[in-house]
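For reference, the chains in residue letters:
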Amino acid sequence: MKLIAALAGLIIIEGVTALNLQSNLESAGQSILKHSETQHKPNILFVITDDQDLQLDSISYIPLISKHIRDQGTFFRNHFVTTALCCPSRVSLWTGRQAHNTNVTDVHPPYGGYPKFVERGFNDDFLPVWLQGAGYDTYYTGKMFNAHTVDNYHSPHINGFNGSDFLLDPYTYSYLNSTYQRNHNPPVSHEGEHTIDVITGKALGFLDDALAGERPFFLAVSPVAPHSNVDPGNIASGKVYMSAPIPLKRHQHLFQDVRVPRTANFNPDQPSGVSWIRDLPVQNQSVVDYNDHFYRSRLRALQGVDELVDGLITRLEESGQLDNTYIIYTSDNGFHIGQHRLLPGKTCGFEEDVRVPLFIRGPGVAKGYVQDAVTTHVDLAPTLFHLAGIPARDDFDGTAIPVTPEFGGERHEHVTIEYWGSAVVEGAYSGIGPGGSTTIPNNTYKSVRLLGEGYNLYYSVWCNNEHELYDLSTDPYQLNNLYPTTSPADINEPHILGRNLTQAINRLDALLMVLKSCQGATCIRPWDVLQPVDPVSTLQDALHEEYDGFYSAQPQVSFDWCDAGYIVEAEGPQVPLTSRHGVSWDVWV
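Residues numbered from 1 in each chain as written. Predicted model: local features only at pLDDT ≥ 70, side-chain atom pairs only at ≥ 80, totals over all residues. Heavy atoms only, no water.

An unreviewed UniProt entry lists the protein chain under the name Arylsulfatase, with Penicillium freii as the source organism. Listed under Catalytic activity (unreviewed entry) in UniProt, the entry text for the protein chain is "an aryl sulfate + H2O = a phenol + sulfate + H(+)". Per UniProt, the comment on the protein chain under Sequence similarities (unreviewed entry) is "Belongs to the sulfatase family." (UniProt positions renumbered as here; feature names shortened; annotations may be inferred.)

Have a look at this one:
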């Protein structure tokens, strides 16, 4: 600024006073400073796979991703999705909001899909739009949303990207007959090409564009693997049959002897779960053999993703931008194959469906570190804001993930997991729904997953008002439902942190009452709603015996009926009681 003042005092140009010149030079200086600040923002490469499991050990079969991201960064092993279905999960990821706040709860209208995303106003108000406003160039290729089709891709075009090349329905899941749509151009068919080869070329091209720009970039790459293959002809006929994914030819021979991990919950002798899951039969050998084939196909399909990521990181390294780039790898939801006698699919609240990979590497991220903190998909948008130096939004239902060891942000011990509508069944034996359908109705539930000091719990309430309670510290495969079916307490019943099941369930149910309709800060700090003036921030705090009367008086989570979408009137009581010093309480409004 001293230089600006000196120049202003020495130079007079016709029609321009020294004062005006000083003002112009100061503006130019501020512009240069702002440009410099933008230039120093980190780049972000975000890779999101489709239906990739964590619990079934898929990450042991992606060695290049492990070498480049997991080993050079941090593995967040307690990372959860909040809805175990593609489109609702992706909308929550891109908005930082729970599905009950986006009200995008399905993969197709009227309750979900791209048209619902647009109807809800998110096309003008989601992550890439926000990042562009913060000075980022943004790019995307691959699957964005379900029901984003060859007919509606321009009604309207997806906002927020400098460059985009989207997979479009009904060809999204067709590995050898995909259709992509670039920027505002008409869709292009890639029949006969493998979709992973296609997206690899597009992703590397966008990375070159991003590296050639003057601003920091956000590049998202979303390959369809290891999602099941879907023939567009089946969709047109009204019967959606999801077959095993199709790997690239060079990977078809791999993993000949690999089988689905034979964990305790794989095709168990005794039924488990509740509702329709408890009625599933033991799978015969033909089904088990098919499940193993399906599992191997998924691992083979992931090899193309492994090579895709290797190519992107190699290109970053060659450009000299690798050390200034955060690389994030995750999936939209998990997957089960044979656990609890389930055929291939997702949509359940079990660990296989809701716990997914999350690896992050980049400036300041610990290398080869395993992070135990509870993290969720609604935390990802706040995390990207934090990395980009953008103030968090008030409507975020999550909070920034502790990406670096010195991170001092707020953490939570809970995950809100919710689902509405039908379960989706995949594979050759999938016609088990009514009339041979591949969907099973009344799969609606609300649940809370808790990991804290001395406890590891899952509690759910289904729309038929059946309940589940699993203590994963002693029952990691969720086979022993602890929820009592009789009123009298058994003297030998399990205890949670020294309290009996009734006392623990009263707290869990009250917590779920808050979380099932929370917004913003109440999703992050739900105990503040229940006990705003008491020293309570965890389940362990809330289990103190002085609060027994307060929690026993709480209304209980319940449903009035099962519905296919988020219908508030169907979801029973919405408002918990709020404690005042553990003595009196009021209705929370």
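S.K.: Lay out the overall build of the protein chain with the relevant residues and their values.
M.R.: Along the protein chain, the regular secondary structure elements total 18 helices and 24 strands. Looking at the protein chain as a whole, 59% of its 589 residues are labelled buried. Within the protein chain, contacts between residues separated by at least 24 positions form 69% of all contacts whose residues are at least 6 apart in sequence. (Helix = DSSP H or I, 4+ residues; strand = E, 2+ residues; numbered from the N terminus. Buried < 20%, exposed > 50% of the residue type's maximum accessible area, 1.4 Å probe, protein only. Contact = heavy atoms within 4.5 Å.)

S.K.: Describe the packing of helix 3 (residues 63–70) against helix 11 (residues 285–319), with residues and values.
M.R.: Running from N to C, helix 3 and helix 11 cross one another at 35 degrees; their axes reach a closest spacing of 8 Å. The element helix 3 and its partner helix 11 pack so that their crossing is left-handed. Contacts between helix 3 and helix 11 involve Pro63, Leu64, Ile65, His68 and Ile69 on the former and, on the latter, Val305, Asp306, Glu307, Val309, Asp310 and Ile313. Here the contact of helix 3 with helix 11 is built from residues that sort into 7 nonpolar, 1 polar and 3 charged. (Axes fitted to C-alpha atoms, helices over the stretch in contact; angles between N-to-C directions. Left-handed = near helix turned anticlockwise from the far one by under 90°. Nonpolar A, V, L, I, M, F, W, Y, C, P; charged D, E, K, R; others polar.)

S.K.: Summarise the layout of surface pockets; cite the residues concerned and give the values.
M.R.: As a volume, the largest pocket reaches approximately 750 Å³. What lines the largest pocket is a set of 30 residues, and nearest its centre among them are Val107, His108, Val240, Met242 and Val424. Across the lining of the largest pocket, the residue classes tally to 17 nonpolar, 9 polar and 4 charged. A domain split of the lining of the largest pocket shows at least three residues from each of domain 1 (45–402) and domain 2 (419–587). (1 Å grid on protein atoms, 1.4 Å probe; cavity = no way out; pocket = protein on both sides within 12 Å on 5 of 7 lines; lining within 4 Å. Points joined across faces, edges and corners; volume = space filled by probe spheres on them. Domains from an automatic or database assignment.)

S.K.: Can you break down the sheet that holds strand 19 (residues 455–462) residue by residue, with the values?
M.R.: Strand order across the open sheet formed by 4 strands is 15-18-19-20, with antiparallel pairing between neighbours. For this open sheet the edge positions go to strand 15 (414–419) and strand 20 (467–471), each flanked by a neighbour on one side alone. Pairs of neighbouring strands in the sheet enclose a mean axial angle of 10 degrees, with direction left out of account. In the sheet, strand 19 pairs with strand 20 via 5 bridges, with the strands oriented antiparallel. The residue of strand 20 that forms the bridge with tyrosine 458 is tyrosine 470. (Pairing = 2+ DSSP bridges.)

S.K.: How would you sum up the state of the cysteines? Please name residues and give values.
M.R.: This model, assessed by the stated rule, comprises 2 disulfides. A sulfur-sulfur separation of 2.0 Å characterises the disulfide bridge that pairs cysteine 463 with cysteine 562. Around the S-S axis, the bridge from cysteine 463 to cysteine 562 shows a dihedral of about 95 degrees and counts as right-handed. Linking cysteine 463 in the loop between strand 19 and strand 20 with cysteine 562 in the loop between helix 18 (548–552) and strand 23 (577–580), this pair joins segments that are 99 residues apart in sequence. Residue cysteine 463 is classed as buried on the basis of its relative accessible area, which comes to 5%. Taking relative accessible area as the criterion, cysteine 562 reaches 25% and is therefore assigned partly exposed. Paired through a disulfide, cysteine 518 and cysteine 523 show a sulfur-sulfur distance of 2.1 Å. Classification of the bridge connecting cysteine 518 and cysteine 523 rests on its S-S torsion, roughly 100 degrees, and on that basis the disulfide is right-handed. Summarising the burial analysis for this pair, cysteine 518 and cysteine 523 share the class buried. (Disulfide = S-S within 2.5 Å.)

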